[in-house]
Amino acid sequence: MATRRCPSCNLINPGSATVCDCGWSFVEQAMTEPRHLSNDRESEEDRRSQASRQIVTGAIFLGVGLILTVATFGAAASSPSGGTYILAYGPMIYGAITLFRGVAGRNG
Ligand SMILES: [Zn+2]
């Protein structure tokens, strides 16, 4: 059996196909949820909301990292004994990457 004609939409499917594009299941011989139609719409929304969360999370980490670095650097610079300051580049890098991925995900 090289090909299978879908009884629902008459699309020719490969013999190895188990579900047609329209959602017809050759295995169950019944209509199933049209897979990519519904999932694409859901994942599109998921992707957008996830991208928005990434942008917010990234911005927060980036901001906190900057504030930590500036605050601790300022404290160290004004201290006569030198003191220590934290370069909070960890959160900043994480924030920048997350922010970038969020922007890329929302636009792409
Ligand atoms: Zn079909």
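Throughout, residues of each chain are indexed from 1 in the direction in which the sequence is written. Note on the predicted model: pLDDT of at least 70 is required for a residue's local features to be given, and 80 or more for side-chain atom pairs to be given and counted; whole-chain, interface and lining totals, by contrast, use all residues.

Draft legend 1. Looking closely at the overall build of the protein. Helix and strand assignments follow DSSP, with helices taken as H or I runs no shorter than four residues and strands as E runs no shorter than two, numbered in order from the N terminus. A tally of helices and strands in the protein yields two helices and four strands. Order of helices (α) and strands (β) in the protein, N terminus to C terminus: β-β-β-β-α-α. For the protein, with 108 residues in total, the buried portion stands at 9%. Residue pairs qualify as contacts under a 7 Å threshold applied to their C-beta atoms, which are placed from the backbone. Pairs at least 24 apart in sequence give 40% of the contacts found in the protein among residues at least 6 apart. Exposure in this text rests on C-beta crowding, where 20 or more other C-beta atoms within 10 Å of a residue's own make it buried, 12 or fewer make it exposed, and counts in between make it partly exposed. The C-beta atoms are placed from the backbone.

Draft legend 2. Spotlight on unusual backbone geometry. A positive phi angle, close to 70°, is found at Asn-10, a residue other than glycine. Inspection of the secondary structure puts Asn-10 in the loop between strand 1 (3-5) and strand 2 (12-14). Even without being glycine, Gln-29 reaches a positive phi, approximately 55°. Turning to its location among the elements, Gln-29 is positioned in the loop between strand 3 (24-25) and strand 4 (30-31).

Draft legend 3. Seen up close, the environment of Glu-28. Within the element layout of this structure, Glu-28 appears in the loop between strand 3 and strand 4. Once the C-alpha coordinates of Glu-28 and Thr-18 are considered, the two residues, ten residues apart in sequence, prove to be 8.9 Å apart.

Draft legend 4. Highlighting the environment of Val-19. Inspection of the secondary structure puts Val-19 in the loop between strand 2 and strand 3. According to the C-beta neighbour criterion, Val-19 is partly exposed, with 18 such atoms within 10 Å. The sequence separation of Val-19 and Thr-32 amounts to 13 residues, and the corresponding C-alpha distance is 8.2 Å.

Draft legend 5. Structural detail: the confidence of the model for the protein. When pLDDT is averaged across the protein, the result is 83; 84% of the residues are at 70 or more. The pLDDT value expresses, per residue, how confident the predictor is, ranging between 0 and 100. Taking the mean pLDDT of every element in the protein, the minimum, 81, falls on helix 1 (residues 35-78) and the maximum, 94, on strand 2.

Draft legend 6. Broad picture of the environment of Ala-71. The topology assignment puts Ala-71 in helix 1. C-alpha of Ala-71 to C-alpha of Leu-87: the two residues are 16 residues apart in sequence and 9.9 Å apart in space.

Draft legend 7. Geometry of helix 2 (residues 89-107). By this rule the span expected of a helix is its residue count minus one, scaled by 1.5 Å. The terminal C-alpha atoms of helix 2, which comprises 19 residues, lie 26 Å apart, in line with the 27 Å expected from a rise of 1.5 Å per residue. All of the buried residues in helix 2 are Gly-95, Thr-98 and Gly-102. Summarising the axial view, the buried residues of helix 2 lie within an arc of 70°, below the 170-degree limit, and thus occupy one face. Opposite the packed face of helix 2, turned more than 90 degrees from it, sit the exposed residues Ala-104 and Asn-107. Working note: the arc is built from the helix axis to C-beta atom directions.

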